[in-house]
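Each chain is listed here by its residues.
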Amino acid sequence: MGVEDCNLELENGVNVELNPEIPGIEEAVRVLLQGLGEDINREGLRKTPLRVAKALSEGTRGYKQEVNDIVSGALFPESGLESKAGSAGGAGGLVIVRDLDFFSYCESCLLPFQVKCHVGYVPSFQRVVGLSKLSRVAEVFAKRLQEPHRLANEICSALQLSINPTGVAVVLQCSHIHFPNSQSALLDPNHQGWMKILVSSGSGVFDDEKADIWTDFLCLMRFKGVNVEDVQSRCSDDKSWCPSQTICKIGPSDSEMLDAVSSILSSLGEDPSREELVETPARFVKWLMNFENSKLDMKLNGTVRNKRDPDYSSNEEHIYSELNIPFWSQCEHHLLPFHGVTHVGYYGSSRMNTVGKSLLQSIVHFYGFKLQVQERLTRQIAEIASSFLGEDVIVVVEANHTCMISRGIEKLGSSTATIAVLGRFATDPTARAKFLQIIPNSSF
């Protein structure tokens, strides 16, 4: 392949030109994978550098967009009230667009965080802006490395400058995944998986947080489940909502990985020496090393195999279950987290020692904390569980995938369920149905 072809990718049989920053990000991702002890030529990882590069490029495309290009030509004449008493339409009528869903990459750790954006403005000069433009302007700034306070301020300022209204108000509901490290996940099965914050920004008539117009705006937010008392003051300097900000700098042994992350930041158009980004490579590498390739599965096998009760009998068997075992894992295709719960069913009798949830939790934990795909994770849990539970085992894994909701199709609220069946559960539909019916409703 010649130099002129290096930025082409075959997609659906057609050569598609890649963004110029992608090859550099690909190379950096290879360095990170090798730092994890992975074989970058392994089947599941061959295209991971390209997938990660494309996701980062797409998720930060806002650096290449200009607000004026979006708003230009989208202001329309709209008269106000004929009577001077009151306000409506293009002369003082409050306009709010609610529930704009975005994902933005956190500048502290490079993990995506979810944003539900509510934007309002008061028109002036008897003109209004096309409603879709409010969403598109907000997305310009969401598609950059961000933190919630600055994101709200940038959206507000951009709209104020570009459409010149009487005022602009922005409220953001932000949720950041709180991914535990490998030790805390095992010791604390009730780990809270999300950090949440509400922030606001206002300009013009919304500049005063106690103004009556803010009251009108926030009252309409109550209909959407926003607790007004939880909206953080614009005067707050609390920027520590990202869980990674409690992580200390890692040692010089990881210098190649740190340099790789810094090069990714540069490729995206950022300045790695910017104050808010100086510690980002260390935080990202520290988190990524949770999934370092190891022999934990071999150690686990040696610990739990042949644990069946020697007095086990197949008489008077019942289906036993362990439900809602939490897990945390990392998608090997996109280097993005996924997490959820595992349900395990097996046949046993009153003469069989009941396997405690702690043992199954250890199995789920060990197979979760590595580069994974959900299908393989489900199979591995079933196979190792069958070595001490007997051959009749069923495993269901339910998960939310960041790669499903922060890139590509961006299907917010989607979840994935996978199943593995061994022994009688593979051949007996009644047994399968009996177990599946006892799985509780959950958020997955």
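A short tour of the structure in this document, coming up. Every value quoted in this text rests on a predicted model; they were computed, and no experiment measured them. (Residues numbered from 1 in each chain as written. Predicted model: local features only at pLDDT ≥ 70, side-chain atom pairs only at ≥ 80, totals over all residues. Heavy atoms only, no water.)

Taken in spatial order, the five strands line up as 13-11-12-14-15 in an open sheet, and their pairing is mixed. Of all strands in the sheet, those with a lone pairing partner are strand 13 (371-372) and strand 15 (416-422), marking the two edges. Summarising the sheet, strand 11 (residues 318-331) and strand 12 (residues 336-348) pair through twelve bridges and their orientation is antiparallel. Looking across to strand 12, one finds that Glu322 is bridged to Val344. In the packing of helix 11 (residues 357-368) onto the sheet, contacts are made with strand 11, strand 12 and strand 13, and the angle to strand 11 comes to roughly 30°. (Pairing = 2+ DSSP bridges. Helix = DSSP H or I, 4+ residues; strand = E, 2+ residues; numbered from the N terminus. Contact = heavy atoms within 4.5 Å. Axes fitted to C-alpha atoms, helices over the stretch in contact; angles between N-to-C directions.)

The next subject is helix 4 (residues 131-142). Relative to the 16 Å expected for twelve residues at 1.5 Å per residue, helix 4 spans 17 Å between its end C-alpha atoms, a close match to the ideal helical length. Buried residues along helix 4 sit against helix 3 (67-71), strand 4 (95-106), strand 5 (112-122), strand 6 (127-129), strand 7 (145-146) and helix 5 (148-163). (Expected span 1.5 Å × (residues − 1).)

Glancing now at helix 11. Along its twelve residues, helix 11 runs 16 Å from first to last C-alpha, staying within 8% of the 16 Å computed at 1.5 Å per residue. When we look at burial in helix 11, the residues that qualify are Leu360, Gln361, Ser362, Ile363, Val364, His365, Tyr367 and Gly368. (Buried < 20%, exposed > 50% of the residue type's maximum accessible area, 1.4 Å probe, protein only.)

Turning our eyes to something else, we now look at the pairing of strand 14 (residues 393-401). Burial runs high along strand 14: nine of the nine residues are buried. Burial along strand 14 is two-sided: the residues Val393, Val395, Val397, Ala399 and His401 and Ile394, Val396, Glu398 and Asn400 are all buried. In the sheet, strand 12 pairs with strand 14 via nine bridges, with the strands oriented antiparallel. Its bridge partner being in strand 14, Val344 is matched across the sheet by Val395. The sheet contact formed by strand 14 and strand 15 spans seven bridges and is antiparallel. Residue pairing across strands places Glu398 opposite Ala417, the latter belonging to strand 15.

Turning next to the pattern of salt bridges. Within this structure, the stated rule accounts for 17 salt bridges. For the salt bridge of Arg274 with Glu270, the shortest nitrogen-to-oxygen distance reads 3.0 Å. Relative accessible area serves as the criterion here: at 14%, Glu270 is assigned to the buried category. Here the residues in one salt-bridge network are Glu107, Arg150, Glu154, Glu270, Arg274 and Glu276, joined through shared partners. (Salt bridge = Lys/Arg side-chain N within 4 Å of Asp/Glu carboxyl O.)

Another point: the packing of aromatic side chains. By the definition in use, this model includes ten aromatic pairs. Taking the centre distance of 6.0 Å and the plane angle of 20° together, the rings of Tyr320 and Tyr346 count as stacked. Placement of Tyr320 in strand 11 and of Tyr346 in strand 12 is noted, with a sequence separation of 26 residues between them. Residue Tyr320 is classed as partly exposed on the basis of its relative accessible area, which comes to 27%. Tyr346 sits in the buried class, given a relative accessible area of 2%. Residues Phe327 and Phe338 carry aromatic rings whose centres are separated by 5.9 Å and whose planes lie at 70° to one another, so their mutual orientation is edge-to-face. In this pair, Phe327 sits in strand 11 while Phe338 sits in strand 12, placing the two residues eleven residues apart along the sequence. Comparing Phe327 with Phe338 shows no difference in burial state: the two are buried. (Phe/Tyr/Trp six-rings, centres within 6.5 Å; stacked < 30°, edge-to-face > 60°.)

Enumeration over the complete set of coordinates arrives at zero disulfides. Cys117 provides the cysteine sulfur closest to Cys174, a residue in no disulfide bond, and the two sulfurs are 8.8 Å apart. (Disulfide = S-S within 2.5 Å.)

Another aspect to go through is the packing of helix 8 (residues 255-267) against helix 9 (residues 280-288). Helix packing geometry: the angle between the two helix axes and the distance between the axes. Packing of helix 8 against helix 9 leaves a shortest axis separation of 9 Å and a crossing angle of 120°. Comparing their axes, helix 9 and helix 8 come out oblique. Every pair of crossing elements has a handedness; the one defined by helix 8 and helix 9 is right-handed. Contact with helix 8, carried on its side by Met257, Leu258, Val261, Ser262 and Leu265, involves Pro281, Ala282, Phe284, Val285 and Leu288 of helix 9 and no other residues of that element. (Parallel < 35°, antiparallel > 145°, perpendicular 65-115°, else oblique. Left-handed = near helix turned anticlockwise from the far one by under 90°.)

Looking now at the nonpolar core. Among the nonpolar cores identified, the biggest contains 76 residues, and Cys117, Ile155 and Leu172 are the most heavily contacted of them. For this core, the leading source of residues is helix 5, giving seven residues. With 24 residues, the next largest nonpolar core counts Cys331, Ile363, Phe388 and Leu389 among its residues. (Core = buried A, V, L, I, M, F, W, Y, C linked by side-chain atoms within 4.5 Å.)

Among the eleven residues that make up strand 5, nine are buried, leaving the element largely enclosed by the rest of the structure. As judged from the nine bridges shared by strand 4 and strand 5, these two strands associate in the antiparallel manner. Note on strand 5: the bridge partner recorded for Tyr105 is Pro112. In this antiparallel pair of consecutive strands, strand 4 and strand 5, the connection spans five residues, and Leu110 shows a positive phi of 70°. Pairing between strand 5 and strand 8 (residues 167-177): ten bridges, direction antiparallel. Counterpart to Tyr121 in the pairing with strand 8 is Val168.

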